[in-house]
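Below, each chain spelled out in residue letters.
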Amino acid sequence: MRKPQSLRAQLLSRLTLPLLIVVVLDASVSYYVALHYADQAYDSWLLDSAKSLAQEVKAQKDKVTFELPPIAVEVFRWDAMDKTFFKVESLSAGIIAGDKGLPSPSITAIGRDEAIYSDGEIQGQKVRIVSVLTTPTADDTDDVLISVAETLHKRRSMMNEILLAVVLPQLLLVLITGFHIWTGINRGLSPLNDLAKLIAQRSARDLNPIADTGVPLEVRALTHTINALLHRLGSNLKTQQRFIENAAHQLRTPLAGLKVQAERALLADKLETMKPALAHMKNSADRVAHLSTQLLVLAKSESLSQSAREFSAIDLVSLARDCCMDWVPKALERNIEVGFDAPKAPVLVIGDETLLRELLSNLLDNAICYGNPEGHISVKIEATPEPNLIVEDDGPGIQVNEADKIFERFYRIPGSRGEGCGLGLAIVKEIADLHAARIIIGPGYAGCGTRIDVVFESRFAT
Ligand SMILES: Nc1ncnc2c1ncn2[C@@H]1O[C@H](COP(=O)(O)OP(=O)(O)OP(=O)(O)O)[C@@H](O)[C@H]1O
Ligand SMILES: [Mg+2]
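As the structure is a computational prediction, the values presented were derived from the model and not from experiment.

1. Remarks on the packing of helix 6 (residues 316–333) against helix 7 (residues 353–370)
At a minimum axis distance of 10 Å, the contact between helix 6 and helix 7 shows a crossing angle of 35°. Crossing angle aside, the handedness with which helix 6 passes helix 7 is right-handed. On helix 7, the residues that touch L319, A320, D322, C323, C324, D326, W327, K330 and A331 of helix 6 are E353, L356, R357, L360, S361, L364, D365 and I368. Across the contact of helix 6 with helix 7, the residue classes tally to 10 nonpolar, 1 polar and 6 charged.

Here it is, written out as structure tokens:
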């Protein structure tokens, strides 16, 4: 399972990462630009020094001389931080003055009155060198290369100063902005935390909607969804409560009868006088058993509708034939004839066999119970246009204004015969819905009686 990601961490990384990249880029560009110009300033100072030394190179007859009093050399070399080196080199006579160890650039790479910069090393120290070429003789017979070098301490300390000057403010900027982002995110997320606390403090029975006054617009979508869910939960709970009350009520009547008849049976001395009470007790026990069976079937089809169903291909023809056989004895008790009409080939639907049996059993139970005594019941299966299961009787039929109500749980048409509990058609509807089948109620034989069609959708047919 993926670890849940923190919204705070996501927001923080998405906001601060681009900021950090921009700051680092900005700092680097500023640093290198400042360094470049500072380097240029030091280089031009070095060049000035080299040019001032070039002034001291003289030509006497054909000889090149460099005359600088020792005190001037000392002044030239003096620097608080760095060491300065120089070298005056005639192309014909070699080194005339200065530090012999100072590396010279290739003479061919340098033009007259041109400066060339290079990096080198002298006495184990890294130096920056500038070299200029000058021609002191009138007849251009000799060229003199003057190189001035300086150690890098000043440049390095300047690099550090620039680095501090550039990086410190940027670091401060990142800290201040980061702090504002952090507090902003916390403030932005606080309505969510408040909402979570509010919901956590609620009792499990409190299904009132969550107040959304003062809740930001973005969070309001969440409160609306939660409130809609609470509303649905509330109405579901009410339905369940009603259902339990009805079921308890339905159970109480036969159980009360059972108790009264048992008391009566206990008072009787002989078996003969006891028998009517015992018959009543059996009747009450039958009613309780029937009610509990109906409740169990309803509970099973309800739980199936809420979970993943494991349906299989079922032949409606053989299922209906078996079911009819089971109900023939009960039909015969009322002298009712049961007819069966189905195609020879199987009519397949995808479904749950036990539940489909319950569906047909309830329809047959009703047809036998409410149909005409000595009448006729017909069970038909049609394969086209869609798989259709039809149960038809020749009883009194169902009034149009009752057609919707009879599918409600525990509803019985006033004055109905028998001792049903009003759950049969509710079960039929639940199972039909589960199989995406629709129920059509109409008149039966020759306009009288009841005909109930259970039409399965084609996508459920194989
Ligand atoms: N074929 C029918 N003909 C006439 N009325 C019917 C028929 N089927 C159902 N009804 C009416 O619809 C009502 C509801 O039927 P339903 O099967 O839901 O409950 P029940 O038969 O009373 O009880 P249960 O089936 O739970 O034992 C019945 O009371 C009956 O009045
Ligand atoms: Mg019934």
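2. Notes on the UniProt feature "transmembrane region" (unreviewed entry) in the protein
The positions that UniProt labels "transmembrane region" (unreviewed entry) are, in the present scheme, residues 15–35 and 162–182. Secondary structure content for residues 15–35 is 100% helix and 0% strand, while the C-alpha to C-alpha distance between its ends is 31 Å. Along residues 162–182 one finds 100% helix and 0% strand; the C-alpha atoms at either end are 30 Å apart.

3. Regarding the site of ligand 1
Near ligand 1 lie 19 residues; those nearest to it are H290, Y370, R412, S416 and L425. Here an oxygen atom of ligand 1 and a backbone polar atom of L425 are 2.7 Å apart. Judged by the proximity of its atoms to the pocket grid, ligand 1 belongs to the largest pocket. For the shell around ligand 1, the elements supplying multiple residues, two or more each, are helix 5 (271–306), helix 7 and helix 8 (424–434). Of the residues assigned to the shell around ligand 1, the class counts are 8 nonpolar, 9 polar and 2 charged.

4. Examining the sheet that holds strand 4 (residues 94–98)
Pairing within the open sheet is antiparallel, and its 5 strands lie in the order 4-3-7-6-5. With one partner strand each, in any of the chains shown, strand 4 and strand 5 (115–122) form the two edges of the open sheet. Mean inter-strand twist for the sheet, computed between neighbouring axes without regard to direction, equals 25°. Pairing between strand 3 (residues 84–90) and strand 4: 4 bridges, direction antiparallel. For S90, the partnering residue across the bridge sits in strand 4 and is G94.

5. Considerations on empty space enclosed by the protein
According to the stated counting rule, one finds 1 cavity of 30 Å³ or more in the structure shown. In this structure, the largest cavity occupies an estimated 60 Å³ of space. In this structure, the largest cavity is lined by Q250, P254, R287, H290, L291, E419, G420 and C421. Every element with two or more residues in the lining of the largest cavity is listed here: helix 4 (217–267) and helix 5.

6. So, the pairing of strand 6 (residues 125–134)
The buried count for strand 6 comes to 8 of 10 residues, which makes it a mostly enclosed element. With 8 bridges connecting them, strand 5 and strand 6 associate as antiparallel partners. Bridged to I116 within strand 6 is S131. By the bridge criterion, 8 bridges tie strand 6 to strand 7 (residues 144–151) in an arrangement that is antiparallel.

7. Remarks on the domain arrangement of the protein
Domain boundaries in the protein define domain 1 (7–160), domain 2 (217–302) and domain 3 (309–460). Taken over C-alpha atoms, the centre of domain 2 sits 24 Å from the centre of domain 3. Summed over both sides, the interface of domain 2 with domain 3 buries roughly 1500 Å², with 63% coming from carbon and sulfur. The largest contributions to the domain 2 side of the interface with domain 3 come from Q294, L298 and S301, which together make up 34% of the buried area. Taken together, the connections running from domain 2 to domain 3 amount to 1 salt bridge. Its salt-bridge partner being K300, residue D352 comes within 4.0 Å of it at the nearest N-O pair. Summed over the shared surface of domain 2 and domain 3, the result is 1 residue pair in polar contact (both at pLDDT 80 or more). Sort the elements by how many residues they give to the side of domain 2 that touches domain 3 and helix 5 lands first, with 11 residues. Of the residues in the side of domain 2 that touches domain 3, the class split is 6 nonpolar, 6 polar and 3 charged.

8. Some words on unusual backbone geometry
With an omega dihedral of -5°, the bond running from T384 to P385 counts as a cis peptide bond. Within the element layout of this structure, P385 appears in the loop between strand 11 (376–382) and strand 12 (388–393). One non-glycine residue with positive phi stands out, namely Q123, at about 50°. Its relative accessible area of 54% is what places Q123 among the exposed residues.

9. Focus: the UniProt feature "domain: HAMP" (unreviewed entry) in the protein
This chain's UniProt record puts "domain: HAMP" (unreviewed entry) on residues 186–238. Secondary structure across residues 186–238 divides into 72% helix and 0% strand, with the first and last C-alpha atoms of the span separated by 40 Å.

10. Considering the side chain of S361
Its place among the elements puts S361 in helix 7. Overall, the relative accessible area of 16% leaves S361 in the buried class. When sequence neighbours within four positions are dropped, the list of residues in contact with S361 reads C323 and W327.

11. Observations concerning the packing of aromatic side chains
Summed over all chains, the structure comprises 4 aromatic pairs. When the centroid spacing of 5.1 Å and the interplanar angle of 75° are considered together, the rings of Y31 and Y32 count as edge-to-face. With relative accessibility at 12%, the residue Y31 sits in the buried group. Centre to centre, the rings of F76 and F86 are 5.6 Å apart; their planes meet at 85°, and the pair counts as edge-to-face. Highlighted residues: F76 in helix 2 (residues 70–77) and F86 in strand 3, separated in sequence by 10 residues. For the pair F76 and F86, a shared accessibility class is recorded, and that class is buried. Grouped by ring-pair contacts, the aromatic residues F66, F76 and F86 constitute a single cluster. Here K154 stacks its cationic end above the ring of W45, 5.6 Å away from the centre of that ring. The ring of F243 carries the charged tip of R409 above its face, separated from the ring centre by 5.2 Å.

Procedures and definitions
- Residues numbered from 1 in each chain as written.
- Chains lettered and ligands numbered in written order.
- Predicted model: local features only at pLDDT ≥ 70, side-chain atom pairs only at ≥ 80, totals over all residues.
- Heavy atoms only, no water.
- Axes fitted to C-alpha atoms, helices over the stretch in contact; angles between N-to-C directions.
- Helix = DSSP H or I, 4+ residues; strand = E, 2+ residues; numbered from the N terminus.
- Left-handed = near helix turned anticlockwise from the far one by under 90°.
- Contact = heavy atoms within 4.5 Å.
- Nonpolar A, V, L, I, M, F, W, Y, C, P; charged D, E, K, R; others polar.
- UniProt positions renumbered as here; feature names shortened; annotations may be inferred.
- Near = heavy atom within 4 Å.
- Polar contact = N/O pair within 3.5 Å; in protein donor to acceptor, adjacent residues only side chain to side chain.
- 1 Å grid on protein atoms, 1.4 Å probe; cavity = no way out; pocket = protein on both sides within 12 Å on 5 of 7 lines; lining within 4 Å.
- Sits in = over half its atoms within 2 Å of the grid points.
- Pairing = 2+ DSSP bridges.
- Points joined across faces, edges and corners; volume = space filled by probe spheres on them.
- Buried < 20%, exposed > 50% of the residue type's maximum accessible area, 1.4 Å probe, protein only.
- Domains from an automatic or database assignment.
- Buried area = accessible area lost by both parts, 1.4 Å probe.
- Salt bridge = Lys/Arg side-chain N within 4 Å of Asp/Glu carboxyl O.
- Phe/Tyr/Trp six-rings, centres within 6.5 Å; stacked < 30°, edge-to-face > 60°.
- Lys NZ or Arg CZ within 6 Å of the ring centre and 35° of its normal.

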